[in-house]
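Overview (structure and organization)
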Amino acid sequence: MNTVNGNQHRGFSVSSDDDMIDITTTGTVTERSIHYDDPGVSHLPGVTYCMGDGDVAADGDEIPGIGQYEDFHTIDWQRDIARDRMRHRYIVKRKQNSLFDLVKGAHDAWSGWVCVLLVGVTTGVFAGVIDIGASWMSDLKHGICPEAFWLNREQCCWSSNETTLSFDIGNCSQWLNWSEVLGQSREGAGAYIIGYLMYVAWALLFASLAAALVRMFAPYACGSGIPEIKTILSGFIIRGYLGKWTLIIKSVGLMLAVSAGLSLGKEGPMVHIACCIGNILSYLFPKYGRNEAKKREILSAAAAAGVSVAFGAPIGGVLFSLEEVSYYFPLKTLWRSFFCALVAAFVLHSINPFGNEHSVLFFVEYNNPWIFFELVPFVGLGIIGGVIAAIFIRANLYWCRYRKTSRLGQYPVTEVLVVTVVTAVIAYPNPYTRMSTSELIYLLFRKCGVTNMDLICDYNRNFTDVKSSIELAPAGPGVYEAMWLLVLALIFKLVLTVFTFGMKVPCGLFIPSLCFGAIIGRIVGVGMEQLAYNYPSIWLFSGECSTGKDCITPGLYSMVGAAAVLGGVTRMTVSLVVVMFELTGGVRYIVPLMAAAMASKWVGDALGSHGIYDAHINLNGYPFLDSKEEFAHTSLAADVMQPKRNETLSILTQDSMTVEDVETLMKETEHNGFPVIVSRESQYLVGFVLRRDLNLALAQARRAVEGLRPNSLVLFTSSSPQQPPEPSSPAPLVLKNILDMAPITITDQTPMETVVDMFRKLGLRQTLVTHNGRLLGVITKKDVLRYIKQLDNEDPNTVLFN
């Protein structure tokens, strides 16, 4: 029996071998050659319990926070995964002992599925509430439903006896414009001025509320959130970014920002909201809440659910999580992401916020097959989308960089209000910018027919028989007027989105990007349609248009253009195509979507190496090591490691440093960890200890250990020093329990291509560099990122965090 801090621990027999501590109860071998089997202890990899007569041990399991991470630090994937493996082996072994342990094992096995089920249900509910709230507040800028003020315009008019035609042109008698509420007529100059003023006033109110809530309660609730989610899923810690206040303020602020009419979307931030839900619910299951690497499996599934409810596209959500945001995506996570996205889509369908049976934003039905020659304009749309995306990304990055480095960044609420006023004042006169962006995209995607009587469908057609096929017809004056209005809307939205994305309100980029492409696509589609009308027999159309039927679908061009610009902005490919055909129901048009998406990505990559999310990661200095990029430089680990030649290496020795020496070393350095060596003469590596764990252990020892003095020896080994201590010297402090005895090591001649692959695929936080077993230096993730930037002729100091 051994005594530690005055407590008796049974079943521990400790050998005095420096290389292996044998705690002999049953002798189970763990991940890092630690022998233990104590049912009351949750061991860390590399953590051992060293107890000898007269020694003082700071017991790692009694120290709160050991194994956790500081804010803005990178996690150690290998350590966390090893911890989970040991926990799982312990549970599996205990299952045979009793019925309680069997139930506990079953709960552990099913906890992941239960967690993603709860995440899916909660995400679906949040998405339904946000969709309904944003729709109601957006219509509130135009008028109100007197009989039931909580209904939006469409719901208010459901009970009306007017036809759908009258509803489309805004003549629903149940819905009152603000001019009518104030006693004026529906039409005329007075009504227009009142409507204009109320539109601007409501927009200002909503935007100011959104900005004020974000600034006062949750600064992390601004922006899209996807760059930070990508960084967090790669193993970075941002405390509070996925917290409950961020969830609440992001949800409320998102409804307000969208309703203000700003050029932004609510679909991107839904990924952030879903990940907040996943993070909060993961704490109900300690298997995930206490293990950062395991928690990221839940966050990957939550990201899939976020896209699923944003667009009504569960399969696209899973592929988006796999392709765009997740860093570690094993097969198990794929299944759970699929299940989570399915549950979220089902819950959203039950709530039915869109008021149709499809539960997707822009459901359309196209019956015409596309002509082979149309691949040329489809690829052309992809090229245009890539060019516009590259221009937008560069302009937005320039403005965001200016905002960070100038006095403008000190007045975020003022910036929001100015942009809101400019947006509202310019948007109202143009009917295509006055309506919400989602409504505009749906209008551009729709076919022209009896129920769609917008200017954009002003063709010289006679609808004598509703069931007859729509014939090719010349465009009327309304179509040409609509084209000019759409060009103005494109310029307006493109410019305003540059200034809007990155402001201190929740703002997404999916819907504005879709809108840019939808406008361009509709213009190209109308041009192709008129070409087919005027020259129906030319070889381009393969005889498909010579019969006089409508062979060109402008809405299809709008859909392809939307995919092209979104693909150029985000550099999505596979997930983009799946999202688009789930979003619209246009399954038969996968080939045009694929052609446009690939052309857009190629052009975007040629004009700029990063999509908008990766560009913002670089702008913010997050330590994100992209697994898609290749490291093509010929260099060695010795070129990158710290310290450089002729510099001092900050190290700890296993048995010759005092408490005062350790504290002095931590005061004089800012390193996040320290290698432990045998002695300064031999420099042979013993292990690695994290700064946080060392701080916590010393603080715990000061509180719990009597007689701890500055000259007390700190031992990272179970054996006593070679020279026996003097009788008057204090008892040594044994801290081998916080020592990682199996750190990842490489030699100084290891190629950097191999080192970068290790950091990417193993999720390393740091690796130690040795030569013939002797320690030379350390390479951290930050060192790798800075070195890559230096070789790419970029400023290495832009990598801000560890």
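Keep in mind that what you see is a predicted model, and the values were worked out from it rather than measured. (Residues numbered from 1 in each chain as written. Predicted model: local features only at pLDDT ≥ 70, side-chain atom pairs only at ≥ 80, totals over all residues. Heavy atoms only, no water.)

Scanning the chain for helices and strands turns up 28 helices and 16 strands. Among the 802 residues that make up the chain, the fraction classed as buried is 55%. Of all intrachain contacts in the chain linking residues separated by at least 6 positions in sequence, the fraction that spans at least 24 positions is 72%. With an accessible surface of roughly 34,300 Å², the chain has 59% of that area assigned to carbon and sulfur atoms. (Helix = DSSP H or I, 4+ residues; strand = E, 2+ residues; numbered from the N terminus. Buried < 20%, exposed > 50% of the residue type's maximum accessible area, 1.4 Å probe, protein only. Contact = heavy atoms within 4.5 Å. Areas by Shrake-Rupley, 256 points an atom, 1.4 Å probe, with all protein chains shown as cover.)

To continue, consider the packing of helix α6 (residues 189-217) against helix α15 (residues 412-427). Two elements in contact, α6 and α15, have axes whose closest approach is 9 Å; the angle formed by their N-to-C orientations is 155°. Between α6 and α15, the interaxial angle falls into the category roughly antiparallel. Between α6 and α15 lies a crossing of right-handed hand. For the pair α6 and α15, the contacting residues are Y196, Y199, V200, A203, L204, A207, S208, A211 and R215 in the first and P412, V413, V416, L417, T420, V421, A424, V425 and A427 in the second. Of the residues that constitute the contact of α6 with α15, the class distribution is 15 nonpolar, two polar and one charged. (Axes fitted to C-alpha atoms, helices over the stretch in contact; angles between N-to-C directions. Parallel < 35°, antiparallel > 145°, perpendicular 65-115°, else oblique. Left-handed = near helix turned anticlockwise from the far one by under 90°. Nonpolar A, V, L, I, M, F, W, Y, C, P; charged D, E, K, R; others polar.)

We now examine the packing of aromatic side chains. Under the defined criterion, the tally for this structure stands at 20 aromatic pairs. Ring geometry for W178 versus W202: centroids 6.0 Å apart, planes at 25°, classification stacked. Taken together, the residues span a long stretch of sequence, with W178 in helix α5 (residues 178-181) and W202 in helix α6 at a distance of 24 residues. The pair formed by W178 and W202 is uniform in burial state, with each residue classed as buried. Linked through ring pairs, Y192, Y196, Y199 and Y428 together constitute an aromatic cluster. Just above the ring of Y327 sits the side chain of K781; from NZ or CZ to the centre is 5.9 Å. (Phe/Tyr/Trp six-rings, centres within 6.5 Å; stacked < 30°, edge-to-face > 60°. Lys NZ or Arg CZ within 6 Å of the ring centre and 35° of its normal.)

Nonpolar side chains collect at one region of the surface, where L117, V121, V125, V129, I132 and I351 lie side by side and expose about 420 Å² of accessible area between them. It is helix α2 (residues 99-140) that provides the largest number of residues to the nonpolar patch, a total of five residues. If you trace the backbone, V129 turns up in helix α2. (Patch = residues over 30% accessible without salt bridge, like charges linked within 9 Å, V, L, I, M, F, W, Y side chains within 5 Å. Salt bridge = Lys/Arg side-chain N within 4 Å of Asp/Glu carboxyl O.)

Our focus in this paragraph is helix α27 (residues 752-762). Taken together, the buried positions of α27 are M752, V755, V756, M758, F759 and R760. At its buried positions, α27 is contacted by α24 (637-640), β14 (745-747), β15 (766-771), β16 (774-780) and α28 (781-791). Within two residues after α27, G763 carries a phi angle of roughly 65°, on the positive side.

The next subject is the confidence of the model for the chain. Reading predicted coordinates in detail is not appropriate for stretches of low pLDDT. Confidence in the prediction of the chain, expressed as mean pLDDT, is 82, and 85% of residues score 70 or more. Every residue in residues 1-61 scores below 50 in pLDDT, and together they form 145 contacts with partners more than four places removed in sequence or on other chains. Across residues 162-169 the pLDDT falls below 50, and counting only partners more than four positions away or on other chains, this stretch makes 13 contacts in the model. (pLDDT = per-residue confidence, 0-100.)

On to the sheet that holds strand β10 (residues 673-677), then. Taken in spatial order, the three strands of this open sheet run β8-β10-β11, and their pairing is mixed. With one partner strand each, in any of the chains shown, β8 (652-653) and β11 (685-690) form the two edges of the open sheet. Against the sheet, helix α26 (residues 691-704) touches β8, β10 and β11, its axis set at about 75° to β11. (Pairing = 2+ DSSP bridges.)

We now examine the nonpolar core. Membership of the largest hydrophobic core comes to 174 residues, with the highest contact counts inside it found for F311, Y432, F445, V505, L514, M580 and I779. Sorting elements by how many residues they give to this core places helix α19 (residues 510-534) first, with 11 residues. Of all hydrophobic cores here, the second largest spans 21 residues; its members include L665, V714, L735 and L739. (Core = buried A, V, L, I, M, F, W, Y, C linked by side-chain atoms within 4.5 Å.)

Within the secondary structure layout, S635 lies in the loop between α23 (612-620) and α24. Counting along the chain gives 117 residues from S635 to M752, while the straight-line C-alpha distance between them is 5.6 Å. Beyond its immediate chain neighbours, meaning those up to four positions away, S635 contacts T750, P751, M752, E753 and Y787. Polar side-chain contacts of S635 include one of 3.3 Å to the side chain of Y787. (Polar contact = N/O pair within 3.5 Å; in protein donor to acceptor, adjacent residues only side chain to side chain.)

Another aspect to go through is the sheet that holds β15. Pairing in this open sheet of three strands is mixed, and the strands run β14-β15-β16 from one edge to the other. Two strands lie at the open edges of the sheet, namely β14 and β16, each paired on one side alone. Across the sheet, the mean angle from the axis of one strand to that of its neighbour is 35°, orientation sign disregarded. Looking at chain direction, β15 and β16 are connected through six bridges and run antiparallel.

Residues separated by three or four positions in an α-helix point in the same direction, a consequence of the helix having 3.6 residues per turn. Taking 1.5 Å of rise per residue, the 12 residues of helix α12 (residues 314-325) would be expected to cover 16 Å, and the 15 Å separating its terminal C-alpha atoms lies within 8% of that figure. Buried residues of α12: G316, G317, V318, F320, S321, E323, E324 and V325, and no others. (Expected span 1.5 Å × (residues − 1).)

Under the criterion given, the structure shown has 22 salt bridges. The partner of D605 in a salt bridge is K601, and the shortest N-O contact between them spans 3.1 Å. Of this pair, D605 and K601 both sit in helix α22 (residues 590-607), four residues apart, which is roughly one turn of that helix. Judged by relative accessible area, which is 33%, D605 ranks as partly exposed. Bridged by salt links that share partners, the residues D84, R87, D108, K287, K294, E297 and R336 form one connected network.

Position of S179 among the secondary structure elements: in helix α5. Excluding its chain neighbours within four sequence positions, the residues that come into contact with S179 are Q184, S185, R186, A191 and I194.

In total, this model carries one disulfide according to the counting rule given. Residue pairing for C145: its cysteine sulfur links by disulfide to C156, the two sulfurs lying 2.1 Å apart. Its S-S torsion of approximately 75° makes the covalent link between C145 and C156 right-handed. Taken together, the residues C145 in the loop between β6 (143-144) and α3 (153-158) and C156 in helix α3 connect sequence positions 11 residues apart. Judged on exposure class, the residue C145 and its partner C156 are both buried. With no disulfide of its own, C275 lies 7.4 Å from the sulfur of C276, the closest cysteine sulfur. With no disulfide of its own, C340 lies closest to C115 among cysteine sulfurs, the gap being 8.4 Å. (Disulfide = S-S within 2.5 Å.)

On to the layout of surface pockets, then. Of the volumes computed, that of the second largest pocket is approximately 1,200 Å³. Lining the second largest pocket we find 46 residues, and of these S609, H610, D614, A615 and N618 sit closest to its centre. Within the residue set of the lining of the second largest pocket, elements represented by two or more residues are α12, α14 (375-405), α22, α23 and α28. The element that contributes the greatest number of residues to the lining of the second largest pocket is α14, accounting for seven residues. Considering only residue class, the lining of the second largest pocket consists of 16 nonpolar, 11 polar and 19 charged. (1 Å grid on protein atoms, 1.4 Å probe; cavity = no way out; pocket = protein on both sides within 12 Å on 5 of 7 lines; lining within 4 Å. Points joined across faces, edges and corners; volume = space filled by probe spheres on them.)

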